[in-house]
Every structure is written in C-alpha cells, then in structure tokens.
Amino acid sequence: MNNYSEKFEKMRIAGKLAANTLDMITEYIKPGISTEKIDTLCFEYIRDNGGYSAPLFYRGYTKSVCTSLNHVICHGIPSDRTLVEGDILNIDITAVVNDFYGDTSRMYVIPDISVKAKNLIDTTYESLINSIKILKPGIKLGDIGYEIQSYVEKKGFSVVRDFCGHGISNVFHEPPNILHYGNKNTGKELEPGMTFTIEPMINAGKFESKVLNDGWTAVTKDKSLSAQFEHTVGITENGYEIFTESDKHIQSPCIK
Ligand code: MF3
Ligand code: CO
Ligand code: CO
C-alpha cells in the first residue's frame, strides 16, 4: 500500500472503460458510418458501463467524443460526415467513473490508405510507446518531449506544438502540461503517484495548426495529414502503469 493506491485503482477503472470503448467501436469503422453515429455508440457504451462521457458539455462542447479525420489534428466534432475509403480517423474517448478520468485515443483507417498515411500512424504510435517506456521517478518532463520529437523528426514528420498532454485524476485537465517536444533533462521531475496523459499529435507536413470557426476543430495549416494516439499513465515507485489498456489489449486496429 502507498498513498496513491486508491487513486490508481480509480484511474484503472476509468481508463479501462475508455479503452474498452475504443475496442467496442472498432467493428463499426466501415465506409458509410457517420462520425455522429460513432459518437452515439460511444456515449451509450460508456453510460451502459457505469460511466459518463467527460467531453459532453465540457467548456461548451456538445458531443461525447472527438472524431478527428485526415488533416484534423484534434477536437474534431462528430457530424453527419460519413467515412470513405482512404480516411484516417482518430477517436478520442474520455470516460469519468466515480469522479476519476480515463483519457485515450487511437487511429482507425478505411483501407486502402497511402503508404505515407500508414507510416505516419505507425510512427505516431511508436513515439507514444517509446516515451511511455522511459517513464520512472527521477526523469524529467523534457525527457518525454525529447523522446517523441527526436523519433518523429527522424522519420520526417513534425510534432504539433499548440496542444499537449495534461495531468489528469479527479480533474479532466490539470497541471502539468506534457509537451510532446523538448530537451533532455529539463522541466519538472517525475514523482511516484503522478498521473497524466501523453497524446502526441504528429503531422505529415509542417507542425503549424489553426482552429476553425467552430472554436474546436484544430487542423494542420498546410492541410497535411495528422495522427494521434493517447494513453493515461501513472508513475509508480520504479516505473509506470498504463491505465488505458483495454481488456482485449488492442493497441490499434491498424497496427500489427
Ligand atoms: N480528450 C481530449 C484530450 O485528450 C479533450 C477533449 S475536450 C473536448 O485532452 F471538449 F474537446 F472534448
Ligand atoms: Co483525449
Ligand atoms: Co487528453
């Protein structure tokens, strides 16, 4: 027992529900489904499994999940847009259970997609996993950013600067900000009991972003494709725990 084991237990429950929602939706990702329908299915699944969709009515957001297609970086709003061949889609779920939050996202695709799109998705996923593997007390926040940025830029892609990961517990977004770029051995030191998200947004082109007039949808300025994966993690005495692993341990439907 330690002083954060109760918090971690609650994070595990919320994280698992969010991840299981991403598993559940996998079989529906086919040509013709609208992002609105995806939203409804996720809302109902979370509700029926004892949780609530945190984005719903969060700061004026009116949907339950974010669906970010192609050149949308994040915060895409579900709509009557239906999926078509070649689409790449991020679905971002945040479930609240007993006041604690689990926040996770994955990429989905409608084949055939381009080699570049596939590469972008793989690289984004690998950058997240690489950055999780280094987590332990004593490393610094800048080490996380460095790990992601150096890996991604080596592959010729860019790291979005205008959005970042965040502390999360019984609050949806709290300090510290988790930047997905940065320098080794800089920033706050990680301590046991910390809980936060890592959610790199990676562009095929330049890193610049802009937000559309709806006040939410963030897109790449150069209209290049963007990909994202997100996990909620906790720092333990000698490493880390991923709270947003699903029961089926699916990592991403498009990654072997
Ligand atoms: N899930 C997003 C994140 O990773 C936040 C979405 S807030 C919303 O932090 F209001 F846009 F849904
Ligand atoms: Co999220
Ligand atoms: Co998040």
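Since this is a predicted model, take the numbers as computed values, not measurements.

Caption draft 1: Looking closely at the coordination of the cobalt ion (ligand 3). Those protein atoms acting as donors to the cobalt ion (ligand 3) are Asp-103 (OD), His-166 (NE2), Glu-199 (OE) and Glu-230 (OE), and they sit at 2.1 to 2.2 Å. Every donor counted, the six donor atoms about the cobalt ion (ligand 3) form angles of 51 to 161° at the centre, which fits irregular coordination. One chain supplies every donor to the cobalt ion (ligand 3), and in sequence these donors are spaced D-x62-H-x32-E-x30-E. A distance of 3.3 Å spans the gap from the cobalt ion (ligand 3) to the cobalt ion (ligand 2), which Asp-103 bridges by coordinating each metal. Placement of Asp-103 in strand E5 (residues 100-109) and of His-166 in strand E7 (residues 165-167) is noted, with a sequence separation of 63 residues between them.

Caption draft 2: Highlighting the pattern of salt bridges. Across all of its chains, the model carries eight salt bridges by this definition. Lys-16 serves as the salt-bridge partner of Asp-247, at 3.4 Å between the closest nitrogen and oxygen. Of this pair, Asp-247 sits in the segment after strand E15 (240-242) while Lys-16 sits in helix H1 (residues 5-25), and the two are 231 residues apart along the sequence. One salt bridge in this structure joins Arg-81 and Asp-87, with 2.8 Å as the shortest N-O distance. The exposure class assigned to Arg-81 is partly exposed, which follows from its relative accessible area of 31%. In the salt-bridge network here, residues are joined through shared partners; they are Glu-9, Arg-12 and Glu-241.

Caption draft 3: Representation of the sheet that holds strand E3 (residues 72-74) within the structure. With antiparallel pairing, three strands are arranged side by side in an open sheet as E3-E12-E11. Here the strands that pair on one side only, and so sit at the sheet edges, are E3 and strand E11 (209-211). The average undirected angle you get between the axes of adjacent strands in this sheet is 40°. Where E11 and strand E12 (residues 218-220) come together, three bridges link them in antiparallel fashion. The residue bridging Lys-210 from the neighbouring strand is Val-219, located in E12.

Caption draft 4: Spatial organisation of the coordination of the cobalt ion (ligand 2). On the protein side, the cobalt ion (ligand 2) has Asp-92 (OD), Asp-92 (OD), Asp-103 (OD) and Glu-230 (OE) as donor atoms, found 2.0 to 2.3 Å from it. Coordination at the cobalt ion (ligand 2) is irregular, judged from the six donor atoms that bind it and the angles of 59 to 168° they form at the metal. The sequence pattern formed by the donor residues of the cobalt ion (ligand 2) is D-x10-D-x126-E.

Caption draft 5: Representation of the environment of Tyr-125. By the element assignment, Tyr-125 lies in helix H3 (residues 115-133). Looking at Tyr-125, the relative accessible area reads 9%, which means it is buried. Between the alpha carbons of Tyr-125 and Pro-200 there is a distance of 8.5 Å; along the sequence they are 75 residues apart.

Thresholds applied
Residues numbered from 1 in each chain as written. Chains lettered and ligands numbered in written order. Predicted model: local features only at pLDDT ≥ 70, side-chain atom pairs only at ≥ 80, totals over all residues. Heavy atoms only, no water. Donors = N, O, S within 2.8 Å, 3.2 Å for Na, K, Ca; no water. Tetrahedral: all angles 85-135°; square planar, octahedral: opposite > 155°, others 65-115°. Helix = DSSP H or I, 4+ residues; strand = E, 2+ residues; numbered from the N terminus. Salt bridge = Lys/Arg side-chain N within 4 Å of Asp/Glu carboxyl O. Buried < 20%, exposed > 50% of the residue type's maximum accessible area, 1.4 Å probe, protein only. Pairing = 2+ DSSP bridges. Axes fitted to C-alpha atoms, helices over the stretch in contact; angles between N-to-C directions.

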